[in-house]
Amino acid sequence: MFYGTAVWDPWLIVGQIICLQCSYYLTLGLFTMVFLGLRVPRLSLVYFFDYATLTTCTLTGWSVMASFLFSSLAGAVYMIFLVERARKCLDFSATLYIIHLLFCIMYGGWPSSMAWWVVNGTGLALMALLAEYLCIKREQQEIPMDRFRSRV
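Residues numbered from 1 in each chain as written. Predicted model: local features only at pLDDT ≥ 70, side-chain atom pairs only at ≥ 80, totals over all residues. Heavy atoms only, no water.

- If you check an unreviewed UniProt entry, the protein appears there as Protein SYS1 homolog from Capsella rubella.
- The Subcellular location (unreviewed entry) field of the UniProt record for the protein holds the comment "Golgi apparatus membrane".
- Per UniProt, the protein carries the Sequence similarities (unreviewed entry) text "Belongs to the SYS1 family." (UniProt positions renumbered as here; feature names shortened; annotations may be inferred.)

Structure follows, in structure tokens:
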């Protein structure tokens, strides 16, 4: 962890965003497989990027919503290791969900479902707040001094 003067490193930021986005989608795929594996005959990207799958009318829709929310919780844990700073968590969370919105627009058009906006807004809030809390807890940990003492 680097807590001195902030150094502008755009390649580091881009790398962190790519790692966070990939980790989020891998986790979303895992949770989608767990929650929908026996419910649907074939898994596809429709469950990631099509707003019509996020519906409260079917059990499949509720399962997809649960996948998104659990993935946002996992994303908060990823941020402890990728971002490491509490003040950057909201920025990285918002960036992740903006990129996800762009992927959804490219895949299936503008999300017109209220459930899509509620689930993704809740996921953004959960990810940002939990990541900030966890990063603050990690920043407040004492630094072990045993390894810096000279052995006499």
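**A few points about the overall build of the protein**
Move 1: Along the protein, the regular secondary structure elements total 5 helices and 0 strands.
Move 2: Helices and strands in the protein line up, N terminus first, as α-α-α-α-α.
Move 3: Here the C-alpha coordinates of the protein stretch approximately 70 × 30 × 20 Å along the principal axes.
Move 4: Classification of the 152 residues of the protein by burial places 34% in the buried group.
Move 5: Once local pairs closer than 6 in sequence are excluded, the contacts in the protein between residues at least 24 apart make up 74%.
Move 6: Roughly 9700 Å² of accessible area belongs to the protein as shown, and the carbon and sulfur atoms make up 68% of that amount.
Move 7: For the protein, the centre of its 10 positive side-chain charges and the centre of its 8 negative side-chain charges are spaced 6 Å apart. (Helix = DSSP H or I, 4+ residues; strand = E, 2+ residues; numbered from the N terminus. Buried < 20%, exposed > 50% of the residue type's maximum accessible area, 1.4 Å probe, protein only. Contact = heavy atoms within 4.5 Å. Areas by Shrake-Rupley, 256 points an atom, 1.4 Å probe, with all protein chains shown as cover. Lys, Arg positive; Asp, Glu negative; His and termini not counted. Charge placed at Lys NZ, Arg CZ, Asp CG, Glu CD.)

**Quick look at the side chain of S71**
Move 1: Its location among the elements puts S71 in helix α3 (residues 59–82).
Move 2: Polar contacts involving the side chain of S71 include one to the main-chain amide nitrogen of L28, which spans 3.3 Å.
Move 3: Here S67 takes part through its backbone oxygen, which lies 2.8 Å from a polar atom of the side chain of S71.
Move 4: Those residues within four positions of S71 in sequence are excluded, and the remaining contacts are Y24, T27, L28, F31 and M127. (Polar contact = N/O pair within 3.5 Å; in protein donor to acceptor, adjacent residues only side chain to side chain.)

**Overview of helix α1 (residues 10–36)**
Move 1: Its 27 residues place the ends of α1 38 Å apart at the C-alpha level, agreeing with the 39 Å of an ideal helix rising 1.5 Å per residue.
Move 2: Listed as buried for α1 are Q16, L20, Q21, S23, Y24, Y25, T27, L28, T32 and L36.
Move 3: The elements touched by buried residues of α1 are α2 (46–49), α3, α4 (89–108) and α5 (114–139). (Expected span 1.5 Å × (residues − 1).)

**Brief notes about α4**
Move 1: Under the 1.5 Å per step criterion, the end-to-end length of α4 is 28 Å for 20 residues, consistent within 8% with the ideal 28 Å.
Move 2: Taken together, the buried positions of α4 are occupied by C89, F92, S93, L96, Y97, H100, L101 and C104.
Move 3: Summarising the contacts, the buried residues of α4 are in contact with α1, α2, α3 and α5.
Move 4: Remark: G109 follows α4 within two positions and exhibits a positive phi of approximately 90°.

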